[in-house]
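The chain contents come next:
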Amino acid sequence: MQVLSVLSHLLDYPSAEFVAAKEELLAIVNESSISPDTRQALCAFIETQCAKDVMEWQAEYDGLFERGRALGLWLFEHVHGESRDRGQAMIDLIEQYKQAGLALAQNELPDYIPLFLEFLATQGEDNARHWLGEVEHILALLQCRLEKRDSEYAIVFVSLLDIAQSTIDLSALRDQVNGEKRDDTKQAIDKEWEEEAVTFGAPDASSCPSAVNRPSESQRKDQHVPVTWTDFNKQAS
């Protein structure tokens, strides 16, 4: 599903290359199976973002996704936080990628959503929809948090839930999000730094490169890959 690759790049760090490919990306969106209203809104978002100065867009991105954890783009952080379970879940997901023929670079975290979407873009429509359905509550949570911040980035997650044919109860999630305290304020960030333990030695893989490496044609597999890497029935954090 090519549209998943477009959505992947929208959630990755903004680049001049994306802006230069705008017309091609709009064509992919318009030819996708996303519902007409959502498709129109997504195209409008792409037009709006590409009309901005790239550095302005990057600053907006940093303010949303690089401050605090509520809008973090790592799937398992919303399920497991920093517990040991997250590490095991990532190991299991890496194994699923390997079974599908996708090899990751050493410094890539498998649960980084743009990378995950690039992978799904190679898996065939039915399989991609199934995988998106397994993480729909995380996608919906991020959508609701972006809506609360009046961010147009919410349409990216609206589109993902549209592709997944999700029936999740957004009203319940919006009530939950409305009761949350923002973690991107100066006070919240200062508190996070104060509480974080000091560690020594080699740095861990807590950051992910902004460039998403797409699977090659030789890595493309359209057959079903069973999803057994974690329990996504747990409520997202």
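Throughout what follows, the structure given in this document is the object of discussion. (Residues numbered from 1 in each chain as written. Predicted model: local features only at pLDDT ≥ 70, side-chain atom pairs only at ≥ 80, totals over all residues. Heavy atoms only, no water.)

Let us look at the overall build of the protein chain. In terms of regular secondary structure, the protein chain is built from 13 helices and zero strands. The linear arrangement of helices and strands in the protein chain, starting from the amino end, is α-α-α-α-α-α-α-α-α-α-α-α-α. Burial status across the protein chain gives 46% buried among its 237 residues. Accessible surface, the protein chain as shown: approximately 12300 Å² in total, 49% of it carbon and sulfur. (Helix = DSSP H or I, 4+ residues; strand = E, 2+ residues; numbered from the N terminus. Buried < 20%, exposed > 50% of the residue type's maximum accessible area, 1.4 Å probe, protein only. Areas by Shrake-Rupley, 256 points an atom, 1.4 Å probe, with all protein chains shown as cover.)

Turning to the packing of aromatic side chains, a few remarks are in order. Counting across every chain of the model gives 10 aromatic pairs. Seen in terms of ring centroids, F65 and Y153 are 5.1 Å apart; in terms of plane orientation they differ by 90°. Their pairing is edge-to-face. Here F65 is found in helix 5 (residues 54-65), whereas its partner Y153 is found in the loop between helix 10 (136-148) and helix 11 (154-163), with 88 residues between them in sequence. Between the aromatic rings of F119 and W131, the centroid separation amounts to 5.3 Å while the plane-to-plane angle is 70°, which identifies the pairing as edge-to-face. Taken as a pair, F119 in helix 8 (residues 113-120) and W131 in helix 9 (residues 125-134) lie far apart in primary sequence, 12 residues in all. Across this residue pair, the class does not change: F119 and W131 are buried. Through successive ring pairs, a cluster of aromatic residues spans Y13, F45, Y61, F65 and Y153. (Phe/Tyr/Trp six-rings, centres within 6.5 Å; stacked < 30°, edge-to-face > 60°.)

Looking now at the environment of E77. Looking at the element boundaries, E77 is found in helix 6 (residues 77-80). What makes E77 buried here is its relative accessible area of 14%. Taking the C-alpha atoms as reference, E77 lies 10.0 Å from G87; in sequence the two are 10 residues apart.

One non-glycine residue, D150, lies in the positive phi region at around 55°. Residues other than glycine seldom take positive phi values, yet Q165 does so here, at roughly 55°. Along the chain, Q165 falls in the loop between helix 11 and helix 12 (170-178).

Within the largest apolar cluster, 66 residues are counted, with the highest numbers of intra-cluster contacts made by L4, L117 and Y153. Setting aside anything within four residues of it in sequence, one finds Y153 in contact with L10, L11, P14, F45, Q49, W57, E60, Y61, L64, F65 and L146. (Core = buried A, V, L, I, M, F, W, Y, C linked by side-chain atoms within 4.5 Å. Contact = heavy atoms within 4.5 Å.)

The residue M1 is located in the segment before helix 1 (2-11) in this model. In this structure the C-alpha to C-alpha distance between M1 and E118, which are 117 residues apart in sequence, comes to 9.3 Å. Once residues within four sequence positions are removed from consideration, M1 is found in contact with S33, A121, E125, A128 and I163.

Moving on to the pattern of salt bridges. Counted by the stated rule, this structure contains seven salt bridges. Between E125 and R129 there is a salt bridge, with the nearest N and O atoms lying 2.9 Å from each other. You can see E125 and its partner R129 sitting in helix 9, four residues apart, about one turn around the helix. One salt bridge connects D126 with R129, and the closest N-O pair in it is separated by 3.8 Å. Here D126 and its partner R129 are both found in helix 9, three residues apart, which amounts to about one turn of the helix. Residue D126 is classed as exposed on the basis of its relative accessible area of 62%. One network of salt bridges, with partners in common, ties together K22, E23 and E47. (Salt bridge = Lys/Arg side-chain N within 4 Å of Asp/Glu carboxyl O.)

Where helix 1 meets helix 8, the closest approach of the two axes is 8 Å, and the angle between their N-to-C directions is 170°. Overall, the two elements helix 1 and helix 8 adopt an arrangement that is roughly antiparallel. Counting all contacts with helix 1, which are made through L4, S5, L7, S8, H9 and L11, the residues of helix 8 involved are I113, P114, L117, E118 and L120. For the contact of helix 1 with helix 8, the per-class residue count stands at seven nonpolar, three polar and one charged. (Axes fitted to C-alpha atoms, helices over the stretch in contact; angles between N-to-C directions. Parallel < 35°, antiparallel > 145°, perpendicular 65-115°, else oblique. Nonpolar A, V, L, I, M, F, W, Y, C, P; charged D, E, K, R; others polar.)

Attention shifts here to helix 5. In this model, helix 5 (12 residues) spans 16 Å end to end at C-alpha, consistent with the 16 Å of a helix rising 1.5 Å per residue. Within helix 5 the residues assigned to the buried category are W57, Q58, Y61, L64 and F65. When helix 5 is viewed along its axis, its buried side chains cluster within an angular range of 125° and face the same direction. More than 90 degrees from the buried face of helix 5, the exposed residues found are M55 and A59. Along its buried surface, helix 5 packs onto helix 1, helix 2 (16-20), helix 4 (36-50) and helix 10. Structurally, the start of helix 5 carries an N-cap: the backbone nitrogen of M55 is 2.9 Å from a side-chain oxygen of D53. (Expected span 1.5 Å × (residues − 1). Arc of directions from axis to C-beta. Polar contact = N/O pair within 3.5 Å; in protein donor to acceptor, adjacent residues only side chain to side chain.)

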